[in-house]
Amino acid sequence: MDKTIQVTGKSELLVKPDTIRLLLYIKGIENTYEKALNQSTAAVEQLKKCFQGLGFEEGDLKTVSFGADTYYENYKENDNQWNKRFVGYKYNHNMKIEFPIDNKRLGQVVYELAHCHVNPEFNIHYTVKDQETVKNQLLSKAVMDSKTKAQILTEAIGVHLQEVVKIDYSWGSIDIVSRPMNGFLRGVACEPDAETAAYNLSIEPDDINISDKVTVIWRIE
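**What about the sheet that holds strand E6 (residues 161–168)?**
Consideration 1: The sheet built from three strands is open, its strands ordered E1-E10-E6 with antiparallel pairing. In the strand order of this sheet, the two ends are held by strand E1 (3–15) and E6, each with one partner. Within the sheet, the average angular offset between the axes of one strand and its neighbour, ignoring direction, is 35°.
Consideration 2: Looking at chain direction, E6 and strand E10 (residues 208–220) are connected through five bridges and run antiparallel. Bridge pairing in E10 links Lys 166 to Ile 217.

**Some points on the packing of aromatic side chains**
Consideration 1: Evaluation of the coordinates by the stated rule reveals six aromatic pairs.
Consideration 2: Here Tyr 72 and Phe 86 contribute two aromatic rings whose centre-to-centre distance is 5.7 Å and whose plane-to-plane angle is 70°, an arrangement assigned as edge-to-face. Of this pair, Tyr 72 sits in strand E3 (residues 62–76) while Phe 86 sits in strand E4 (residues 82–100), and the two are 14 residues apart along the sequence.
Consideration 3: Ring centres of Tyr 111 and Tyr 199 lie 5.2 Å apart, and the angle between their planes is 55°; this geometry places the pair in the tilted category. Residue Tyr 111 is found in helix H2 (residues 103–115), and its partner Tyr 199 is found in strand E9 (residues 198–199); the two are separated by 88 residues along the sequence.
Consideration 4: On the basis of relative accessible area, Tyr 199 is assigned to the buried category, the value being 9%.
Consideration 5: Among the aromatic residues, ring-to-ring pairing joins Tyr 33, Tyr 72, Phe 86 and Tyr 89 into one connected group.
Consideration 6: Over the ring of Tyr 75 we find Arg 85; its NZ or CZ atom is 4.3 Å from the centre of that ring.

**So, the pairing of strand E2 (residues 19–30)**
Consideration 1: Burial of E2 is extensive: nine of the 12 residues sit out of reach of the surface.
Consideration 2: Alignment of E2 against E4, held across 12 bridges, turns out to be antiparallel. The partner of Gly 28 across the bridge, within E4, is Tyr 91.
Consideration 3: Pairing of E2 with strand E5 (residues 121–127), which is carried by seven bridges, proceeds in the antiparallel orientation. Within the sheet, the bridge partner assigned to Leu 22 lies in E5 and is Ile 124.

Conventions adopted
- Residues numbered from 1 in each chain as written.
- Predicted model: local features only at pLDDT ≥ 70, side-chain atom pairs only at ≥ 80, totals over all residues.
- Heavy atoms only, no water.
- Pairing = 2+ DSSP bridges.
- Helix = DSSP H or I, 4+ residues; strand = E, 2+ residues; numbered from the N terminus.
- Axes fitted to C-alpha atoms, helices over the stretch in contact; angles between N-to-C directions.
- Phe/Tyr/Trp six-rings, centres within 6.5 Å; stacked < 30°, edge-to-face > 60°.
- Buried < 20%, exposed > 50% of the residue type's maximum accessible area, 1.4 Å probe, protein only.
- Lys NZ or Arg CZ within 6 Å of the ring centre and 35° of its normal.

Take a look at the structure:
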């Protein structure tokens, strides 16, 4: 039976964000399923017009998730027993739009959302455009860390590191995102710039700390 050594390598990177990811949430309740769908569609079309007025393309606003279903509320009967009653059909349409980091541009977008008829809730996240390159760098560092540790261990015990037998990697999702502004936003508290129809925002997101690990098994002799 071949002798092996198993070592887990770890890596960590600080990544400077270069992209703003705006997450938008439209929701409502209508008394029929058809009205819920129509209202959701109308709200999305209105949002698209708001963004197009800022120079975005129609396809820049993308759907993340959509749902429409029956909605019930709890209520208390006269005998203090809780029961449920039908309220209507609730729709949720979650979207995103991304653009390069620019506080002036962000101020224009937030101003437009605050004055848009739809008035959606939204979150501001910071991320990186080329995520695959960052993830590959992180994985490469983890593999090299595993190899370095394996070489130190084998030299210390007087054996030789041979070929790789197995690589165990989870391929889990790495969230490359910074959230300097937590919680949903609906309207803003800052003063607008009267000349540019934009809010004066000064946000400097911190570098994003990401980490990963991989386990490698080598044959030794």
